[in-house]
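So you can see what is in the structure, the chains are spelled out below.
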Amino acid sequence: NDQYTLTSAELGDDCDFHITLDLIKLYNGDVISEENFGVTPITVTYTATLAEGTTAGNYINTAWVSYLDKTSEKDTVTVKTFDITVFKYDQAPATGEGDSWTAKGLPGAIFTLYSDEDCTVVVDTATSDNDGYATFTGLDAGTYYLKETAAPEGYVKSDKALEVTITVDTADNIVSVSFANSPIPHTGGMGTTLFSIVGGVLIAMAGTIFVISRRKRRA
């Protein structure tokens with residue numbers, strides 16, 4: 001830190017920060033020597049975190065060096081970030097035909113995105129909205145594994161992990177996937193009630209026959 005000065009406010013240009021190096025100070029401090037002049041690069045390494053809520057797209061990162069009254073060529077890097085959009089829907093037959101074909105989106109499904117096949121390293125979680133969509137933003141290219149960790153109320157949760165691969169040439173920087181859910185099967189209900197009633201009638205009839213039989217024997 002004592003070899004440079006970092007400035008990130010009141011810069012007077014479109015930069016996010018300036019790093020200022022005093023070469024004379026570096027030389028006097030024996031960090032570099034005269035034989036290094038012109039042949040040894042000074043490398044500035046920094047990390048940056050994507051801003052919260054940044055959506056899929058291509059973002060430009062530019063850096064250059066100004067010294068005395070000169071300016072170097074600008075070094076520009078395109079940083080790509082991607083989204084995974086999940087559509088959660090009821091697997092019951094959709095309504096409509098052709099372009100008007102629609103599936104019923106399901107809200108309240110919770111998805112977890114993992115970076116490993118064993119699904120132990122969590123990248124992020126997302127919940128489907130009222131239209132059935134859940135979105136993971138700010139992702140790098142690579143392979144991910146998507147699991148449904150909680151199903152909407154009244155539906156069966158899927159236990160399978162879906163492998164999702166994002167390539168650098170992914171169209172519009174967005175990968176879209178779909179997850180279907182089936183309603184929880186109903187148990188009991190009217191069928192059980194009818195069997196109970198019929199069973200009760202049969203038991204009552206058997207009891208009646210038994211009593212009548214006993215009475216006939218005694219008579």
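In what follows, the structure referred to is the one given above.
What counts, and at which threshold
- Residues numbered from 1 in each chain as written.
- Predicted model: local features only at pLDDT ≥ 70, side-chain atom pairs only at ≥ 80, totals over all residues.
- Heavy atoms only, no water.
- Helix = DSSP H or I, 4+ residues; strand = E, 2+ residues; numbered from the N terminus.
- Contact = heavy atoms within 4.5 Å.
- Areas by Shrake-Rupley, 256 points an atom, 1.4 Å probe, with all protein chains shown as cover.
- Buried < 20%, exposed > 50% of the residue type's maximum accessible area, 1.4 Å probe, protein only.
- Lys, Arg positive; Asp, Glu negative; His and termini not counted.
- Salt bridge = Lys/Arg side-chain N within 4 Å of Asp/Glu carboxyl O.
- Polar contact = N/O pair within 3.5 Å; in protein donor to acceptor, adjacent residues only side chain to side chain.
- Core = buried A, V, L, I, M, F, W, Y, C linked by side-chain atoms within 4.5 Å.
- Pairing = 2+ DSSP bridges.
- Axes fitted to C-alpha atoms, helices over the stretch in contact; angles between N-to-C directions.

Engineer: Could you clarify how one ought to interpret the overall build of the protein chain in this entry?
Structural biologist: Summing up its helical and strand segments, the protein chain has 2 helices and 12 strands in all. Starting at the N terminus and ending at the C terminus, the protein chain contains elements arranged as β-β-α-β-β-β-β-β-β-β-β-β-β-α. Intrachain contacts of the protein chain at a sequence separation of at least 6 include 52% that bridge at least 24 residues. Accessible surface computed for the protein chain: about 16300 Å², of which carbon and sulfur atoms make up 53%.

Engineer: What is the right way to look at the side chain of Asp 83 in this model?
Structural biologist: Following the sequence through the fold, Asp 83 ends up in strand E6 (residues 75–90). For Asp 83, which is buried and forms no salt bridge, the nearest opposite charge comes from Lys 80, at a distance of 14 Å. A distance of 3.4 Å separates a polar atom in the side chain of Asp 83 from the backbone nitrogen of Ala 56. Residues contacting Asp 83, with those up to four places away along its chain left out, are Thr 55, Ala 56, Thr 135, Phe 136, Thr 137, Gly 138, Asn 173, Ile 174 and Val 175.

Engineer: Would you mind going over the pattern of salt bridges with me for this structure?
Structural biologist: As a working rule, side chains carrying opposite charge can pair if their charged atoms are close by. A complete count under the given rule lists 2 salt bridges for this structure. Between Lys 88 and Glu 148 there is a salt bridge whose closest N-O contact spans 2.9 Å. Separated by 60 residues along the polypeptide, Lys 88 in strand E6 and Glu 148 in strand E10 (residues 142–150) bring together distant segments of the chain. Like Lys 88, the residue Glu 148 is buried in the burial classification. Between Lys 157 and Asp 159 there is a salt bridge whose closest N-O contact spans 2.6 Å.

Engineer: Just to check I follow, could you spell out the nonpolar core for this structure?
Structural biologist: Generally speaking, a soluble globular protein has its nonpolar side chains buried in company with each other. With 17 residues, the main nonpolar core has Ile 84, Val 86, Phe 111, Phe 136 and Leu 146 as its most contacted residues. For this core, the elements supplying multiple residues, two or more each, are E6, strand E7 (110–114), strand E9 (133–139), E10, strand E11 (162–166) and strand E12 (174–181). In this view, Phe 136 contacts Phe 82, Asp 83, Ile 84, Val 86, Phe 111, Thr 112, Leu 113, Asp 124, Thr 125, Ala 126 and Leu 146; residues no more than four positions away in its chain are not counted.

Engineer: What am I meant to see in the sheet that holds E7 here?
Structural biologist: Through backbone hydrogen bonds, the strands of a sheet pair up, either in parallel or in antiparallel fashion. Strand order in the open sheet formed by 4 strands is E8-E7-E10-E11, with antiparallel pairing between adjacent strands. The open sheet is flanked by strand E8 (122–127) and E11, the only strands paired with a single partner. When the angles between neighbouring strand axes are averaged without regard to direction, this sheet yields 30 degrees. Sheet analysis places E7 next to E8, joined by 5 bridges and oriented antiparallel. Each residue of the ladder has a partner; that of Ile 110, found in E8, is Thr 127.

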